[in-house]
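Given next are the chains, with one letter for each unit.
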Amino acid sequence: MSPLPAPGAPLPHYVSTAPFDPHAAQSMTAAQSRIHLASQKRLMWWKFKQHRLALVSGIFLAAIYLMILIVEFLAPYGLHTRNVDFIHAPPQRVHFFDKGEFVGPFVYGRSMTLDIDTLHRVYTDRPNDVQPIRFFCRGDAYKFWGLVASNYHLVCPAIGGQMFLLGTDRLGRDVLSRILYGARISLTIGLIGIAISFVLGIVIGGLAGYWGGIFDLVVQRLIEVLQSLPSLPLWMALAAIMPVTWSPIVIYFGITVILGIIDWTGLARAVRSKLLALREEDYVQAAQLMGASTPRIIGRHLVPGFMSHLIASATISIPGMILGETALSFLGLGLRPPITSWGILLTEAKSVSVIAFYPWLLFPIIPVVLVILAFNFLGDGLRDAADPYK
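Predicted model only: the values in this text are computed from it and were never measured.

Turning our eyes to something else, we now look at the packing of helix H5 (residues 175-211) against helix H11 (residues 307-330). Close contact between H5 and H11 brings their axes to 8 Å; oriented N to C, the two are set at 130°. Looking at the two axes, H5 sits oblique to H11. Taken as a pair, H5 and H11 cross one another with a handedness that is right-handed. Across the interface between the two elements, Ser186, Leu187, Ile189, Gly190, Leu191, Gly193, Ile194, Ser197, Phe198 and Ile202 of H5 pack against Leu310, Ile311, Ala314, Ser317, Ile318, Met321, Ile322 and Glu325 of H11. Residue composition of the contact of H5 with H11, grouped by class: 12 nonpolar, 5 polar and 1 charged.

With that out of the way, let us pick up the packing of aromatic side chains. Aromatic ring pairs are defined here through the distance separating the ring centres and the angle between the ring planes. One pass over the full model with this rule turns up 12 aromatic pairs. Here Phe97 and Phe102 contribute two aromatic rings whose centre-to-centre distance is 5.3 Å and whose plane-to-plane angle is 65°, an arrangement assigned as edge-to-face. Accessibility assignment for this pair places Phe97 and Phe102 in one class, exposed. Plain terms: the ring middles of Tyr358 and Trp360 are 5.7 Å apart, the flat faces sit at 65° to each other, and that makes the pair edge-to-face. An aromatic cluster is built from Tyr77, Phe86, Tyr123 and Phe164, whose rings are joined through pairwise contacts. Geometry around Trp145 places Arg184 over its ring, the cationic atom sitting 4.0 Å from the centre.

Once that is clear, we can look at the sheet that holds strand E1 (residues 95-98). Read across the open sheet, the 3 strands follow the order E1-E2-E3; overall the sheet is antiparallel. Each of the sheet's edge strands pairs with one partner strand only, and the pair in question is E1 and strand E3 (121-132). Sheet twist, expressed as the mean angle between neighbouring strand axes with direction ignored, is 55°.

Moving on to the pairing of E3. Both faces of the sheet carry side chains from a regular strand, because those side chains alternate between them. Looking at chain direction, strand E2 (residues 101-114) and E3 are connected through 9 bridges and run antiparallel. Residue Phe106 lies in a different strand from E3, and its bridge partner there is Pro132. Where E2 folds back onto E3 in an antiparallel hairpin, the turn is made up of 6 residues, including Leu119, whose phi is positive at roughly 60°.

Next up on the list: empty space enclosed by the protein. Going through the model one piece at a time under the given rule, you end up with 1 cavity of 30 Å³ or more. Taken as a whole, the largest cavity encloses approximately 70 Å³ of empty space. As for the largest cavity, its lining consists of Asp169, Arg173, Val175, Arg178, Leu345, Glu348, Leu361 and Pro364. Here the residues of the lining of the largest cavity are counted per class, giving 4 nonpolar, no polar and 4 charged.

Conventions and cut-offs
- Residues numbered from 1 in each chain as written.
- Predicted model: local features only at pLDDT ≥ 70, side-chain atom pairs only at ≥ 80, totals over all residues.
- Heavy atoms only, no water.
- Axes fitted to C-alpha atoms, helices over the stretch in contact; angles between N-to-C directions.
- Helix = DSSP H or I, 4+ residues; strand = E, 2+ residues; numbered from the N terminus.
- Parallel < 35°, antiparallel > 145°, perpendicular 65-115°, else oblique.
- Left-handed = near helix turned anticlockwise from the far one by under 90°.
- Contact = heavy atoms within 4.5 Å.
- Nonpolar A, V, L, I, M, F, W, Y, C, P; charged D, E, K, R; others polar.
- Phe/Tyr/Trp six-rings, centres within 6.5 Å; stacked < 30°, edge-to-face > 60°.
- Buried < 20%, exposed > 50% of the residue type's maximum accessible area, 1.4 Å probe, protein only.
- Lys NZ or Arg CZ within 6 Å of the ring centre and 35° of its normal.
- Pairing = 2+ DSSP bridges.
- 1 Å grid on protein atoms, 1.4 Å probe; cavity = no way out; pocket = protein on both sides within 12 Å on 5 of 7 lines; lining within 4 Å.
- Points joined across faces, edges and corners; volume = space filled by probe spheres on them.

No statement about biological role is implied by the geometric values presented.
Okay, here's the thing in structure tokens:
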């Protein structure tokens, strides 16, 4: 062991004469180098994949939104097809074996009798009437997205038979087909509404956070007033002012605008708080000195810095849009027939007697719950992935 230097003596100093190698193997392991050299997007993807529930939810939502593109092909019946002989028919079970022999997917034919005591229709299966389910078949005619005429379906009932996997409503319309058609309206209204909310929130919140002053003061007071109003009565009041003479399409866009206008306040406050912290950064001041305009500084330098947080906020806000449309339509103040959404389908189950005798009319609530949960789980995963260094 070398002796300690005397007090006041300079410490020994050693300098390596070997050439500097920035890629020396001993400086970083392979795993460390992989993370160190990865881009921000790749780090976010790795962090997102660790959230298994969010990953499954994202796949589920992607499949649902792809489904609404070809809903006419997927639905076994047309949107307005009526089966007057099978009004309020309960769901049919799919069987694969008949009398011990494998037949493939099929349903049994049904006969209907009227209960004289309760005046309700009673449906019983006919075991000798096997009706095989057809795939990639010809069925009810439709216009694909209202443009291309066709009658090709993924699944159809047997020729001359019936197939009501989720039952029928009071007009004999297939509940499963109407749920599939309703998904197109209920899911897209959330996307359009969040697009409107995004534009308003980023523009108004961005200007309030970047400019400050009297504009920020006015915006904050406006946000506080809007957030203090009860959501449901406000929706009802705004929806009620739409004339009944408007076409269903105009009402559809009116509802999306209402939902977007009401939902922008929370996003605007998040954008404002972020911009208040970022506007003092050196790169922002450098852009100001170079003569960059306010829209360019906000759009090209500030907003991209927290875009991942905005995406996570959007995935959490979309369920609120879907629930808002469902609530308004259920109360009769939102969309109106012939447009079909999940909220309109749930109006069939308003009374207790309907729920008691025809509980399958509540099936539209299942996709609403699944989609809302999937968006919430996806938002949690994106929020965690937005900061991959934690």
